[in-house]
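Spelled out from the first residue to the last, the chains are:
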Amino acid sequence: TLRLIYTTTAVQRRNAGASGPEKYTEAFIKKQIEEFNLGKRHLANMMGEDPETFTQEDIDKAIAYLFPSGLFDKQARPMMKHPTEIFPEQRKIQWGEDGRPLHFLFYTGKQSYYSLMHETYGKLLKVQKYQDQLTAQDLLPQKQKRNLAGSRWLTKIELEEMLLEKLSDNDYVRFIQLLEKLMMMPCGDIEEKYIQKFSKEVPVQLQKVVVEPLKYDERGVAFSTGEGTRKTAKAIAVVYDNGTGKMTVNGIDILHYFTVLQDREQLLFPFQFLGRIGKHDTVCTVSGGGRSAQAGAIRLAIAKALRSFVAEKEVEFMRQAGLLTVDPRVKERKKPGQEGARRKFTWKKR
Amino acid sequence: MAAPSTAGLARRLRAWLPRLTQVRWSRYNPSYLEPEVNKESYQRPLEELSEEEKEKWELRALRPIKAAPSSVSSSVFSDPTISKFTNMMMKGGNKVLARSLMAQTLEAIKRKQLEKYHKAPEDEKETIECNPYVIFHQALKNCQPIIGLCSITKGGKTYQVPIPLNDSRKRFLAMKWFITECRENKHRRTMMPEKLSQELLQAFNNEGPIIKKKHVLHKMAEANRAYAHFRWW
C-alpha cells in the first residue's frame, strides 16, 4: 500500500522530483482529480453558485467561509486546490519491465540534465554549420542587438522544476554559459524558440509611479507632500514653492535638530542634485529610528515630494541616482549560538 | 575576462550567476544596480555617448537601482577617497569624530599652505598648491607601492614573494600606512589632525616616513626577486 504524502509546493521545491522512485501512482492522481472535480461541484451547489462556472478563487473564498481558521501560516489553513498543485510532478519509472532503462543516458545519473546539454550543444553545432555555409557565400547577417535587459534566464530552482532533477551550481552555470554562447552567435536567431523556453520576461521595473499633481494652499503657494522610511524612522515632508531654502523638522530648525554635517548634507542632497537649493521651503515631521535613519527617511520624503515639481526626465535621473529607492537594509537579527548577528563566541580550544 | 565586446550585457548577467557558497548576502535583489550620483554624467546629451555607454544607459533604464548610501552625496564636497579614508580612521563606529578629524586635517593643511603662500616671494607663489583635496590625492598617490610581498609556504619554509598589486590594494595600503603611522609615531600631546596634515604635506613632497616605508618595501621586493617564480597566479 502506498503512503499518502501531502506536501506544499513551497516545501517540495527543494526535492522536486529527485526524491527517489515515485510515491504515488498515476491512477492515484487520476482518482484525486476526479474527487476534486466532484467536490468542486458539491461545493458550488452548497454555496448556491453555478457548478460550471466555479473558479479556483470562488473555491478559496468558499473554503475560507466554511472552515474559518485563525492560524497565521497561510499554508496551514484548510485549502482545496487542484491535485497537480498539491502533488508536485514526479519522474515516472525510468526503466521498463525487463529492468533495462528507457533513456540512453540513464547511467549518467542526471539523465535529463545531460540530455538537455546534449540537445543544446547539437543546436550550437547546427548553428555553426549554418553560419559556415553563409560565410562561404558571404551572406553573413549582422548581429542585431538584442534587448538583453528585458529578459533573464531561468533560475536554478526553476530549471530543477522543469527537469525534475537535482542540479548542482556548477551544472547550472555550465548550462547558462552554453545558452549564452548560443545566443551570442550571429545566426542564433534560428534557435530563437528553443532559447525562449529557458528565458523569462522581466516585468519592466519602472512600474510607472503616478506623480501626484501640485496642490495649492491658502496663500496660493504650490506645495507637495512626500513620505519616506529608513530602518525604523518614518518621515513626512511638505515642500513649498517660492521659498528661501528654510527647513524645519518637528518644529525645530535643521541646524539645531541635526547637529552633524553629514545629516544636513543628506537633507540637501535632492535639492543639490536638481539645482534647486534656495528655491523651496520644507516642513518635515519625523519619528522613530536614530540620527542617521531620520535623515535618510527625510531625504526620501523630500525626493518623493520633489517629483511633482520636476520634469519626467529629471525624475528618471533622481531614480538612477538612488534618491527614490527605499533602503531595505535593516538591523540583522541575533542568532542563537552566536554573540551577535555575525560575531561568534570566543573560540576556546578546551 | 577575455569576453568579446558584444557580450557586455552578457558579462554583467553572468556576474550575477550563483556561486557555490553564499556567505555575503545583501538585502537587495541581485538585479539591483549601483546608483550614479555624479550630476555631470546626467547632463551629457545622448549622441555623445559611445556604444558601451548607450548599452549601459539602456540597462539602467530598465533595472531597479539601489538607494544611495548616507555617506554619499552629489555635492562637490563629497569625495569617495576622502570617505574611504574617514571610514578607515573611524573607531567603534564613531563616524562623527572621524569626520571632524578629517575636516580639521584638511583645514590644517590649508592653513599651513596659506602661511607658506603668504611668506613666499612672488615668482614661487604659483608653485605652492593650496587646495587640500589636491594635496591629499597627490600624497596618497605618491605613497602607493607598485609591488607588494606575499608569504608563500613551499617545502616547509615561508618565503616573501614579490607580487603585483591591484589598484584597490595599493590605495588601501597607502591609507593604512598613513593611519598607523599617525597613530603610533607621534608625541603623546600632538593631535591627530596636526600629525596627519604634517605627514600628508611631507608625502606630497615625496619625503617623510611613509615614503620611506614604501621604498623599503620596494627594496625588499627587489631583494627577493629570486623567489618571484613561486607565484602561480
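Here the residue numbering is sequential within each chain, running from 1 through the sequence in written order. Numbering of ligands from 1 and lettering of chains from A proceed in the order in which they are written. In keeping with the predicted nature of the model, local features appear solely for residues at pLDDT of at least 70, side-chain atom pairs appear and are counted solely at 80 or more, and the whole-chain, interface and lining totals rest on all residues. The side-chain quantities take in all heavy atoms of the structure and omit both hydrogens and water.

Some details on the overall build of chain B
How we decide: Where helices and strands are cited, they refer to DSSP runs of H or I of at least four residues and of E of at least two residues respectively, numbered from the N terminus. Accessibility here uses a 1.4 Å probe with only protein chains present; expressed as a share of the type maximum, an area under 20% marks a residue as buried, one over 50% as exposed, and anything in between as partly exposed. Using the Shrake-Rupley algorithm and a 1.4 Å probe, accessible areas are obtained, with residue cover drawn only from the displayed protein chains.
Per the secondary structure count, chain B includes 9 helices and 2 strands. Tracing chain B from N to C terminus, the helices and strands come up as α-α-α-α-α-α-β-β-α-α-α. Here chain B, with 233 residues, has 36% of them falling under the buried criterion. A total accessible area of about 15000 Å² is found for chain B, and carbon and sulfur atoms account for 53% of it.

A closer look at unusual backbone geometry
Residues and elements named next belong to chain A. Of note, the phi angle at leucine 164 is positive, near 60°, even though the residue is not glycine. Along the chain, leucine 164 turns up in the loop between α6 (156-163) and α7 (169-184). A positive phi angle is found at asparagine 250, which is not glycine, with a value near 50°. With respect to the helices, strands and loops of the structure, asparagine 250 is situated in the loop between β6 (247-249) and β7 (252-253).

Details of the environment of serine 115 of chain A
Residue and element names in this part refer to chain A. Heads up, the rule is: A contact between two residues is defined here by any heavy atoms of the two lying within 4.5 Å.
Positionally, serine 115 belongs in helix α5 (residues 111-136). A sequence separation of 15 residues divides serine 115 from arginine 100, and the C-alpha atoms of the two residues are 18 Å apart. Apart from residues lying up to four places away in sequence, serine 115 is in contact with His103 and Leu105.

As for the pairing of strand β8 (residues 281-287) of chain A
A regular strand carries its side chains on alternate faces of the sheet. Residues and elements named next belong to chain A. Stated formally: The pairing criterion for strands is at least two bridges between them, as found by DSSP.
Every second residue of β8 is oriented toward a common face, the buried set being Thr282, Cys284 and Val286 and the non-buried set Asp281, Val283, Thr285 and Ser287. Pairing geometry for β6 and β8, over 3 bridges, is parallel. Its bridge partner being in β8, methionine 247 is matched across the sheet by threonine 282.

Some thoughts on the domain arrangement of chain A
Where we set the bar: Each domain's extent was defined by an automatic or database domain assignment.
Taken as a whole, chain A is organised into domain 1 (26-85), domain 2 (106-201) and domain 3 (215-321). Spacing between the C-alpha centres of domain 2 of chain A and domain 3 of chain A amounts to 49 Å.

Some points on the domain arrangement of chain B
As assigned here, chain B comprises domain 1 (32-68) and domain 2 (80-230). Spacing between the C-alpha centres of domain 1 of chain B and domain 2 of chain B amounts to 33 Å.

Details of α7 of chain A
Applicable threshold: By this rule, a helix spans an expected 1.5 Å times one less than how many residues it contains.
Here α7 of chain A spans 22 Å end to end across 16 residues, near enough to the 22 Å set by a 1.5 Å rise per residue. Buried residues of α7 of chain A: Asp169, Asp171, Tyr172, Val173, Phe175, Ile176, Leu178, Leu179, Glu180, Leu182 and Met183 of chain A, and no others.

Observations regarding helix α8 (residues 192-204) of chain B
All names here are of chain B. With 13 residues, α8 extends 18 Å between its outermost C-alpha atoms, agreeing within 8% with the 18 Å of an ideal straight helix rising 1.5 Å per residue. Packing partners of the buried residues in α8 comprise α4 (80-89), α5 (95-119), α6 (132-143), α7 (167-184) and α9 (209-223). In the stretch just after α8, asparagine 206 is the one whose phi turns positive, near 60°.

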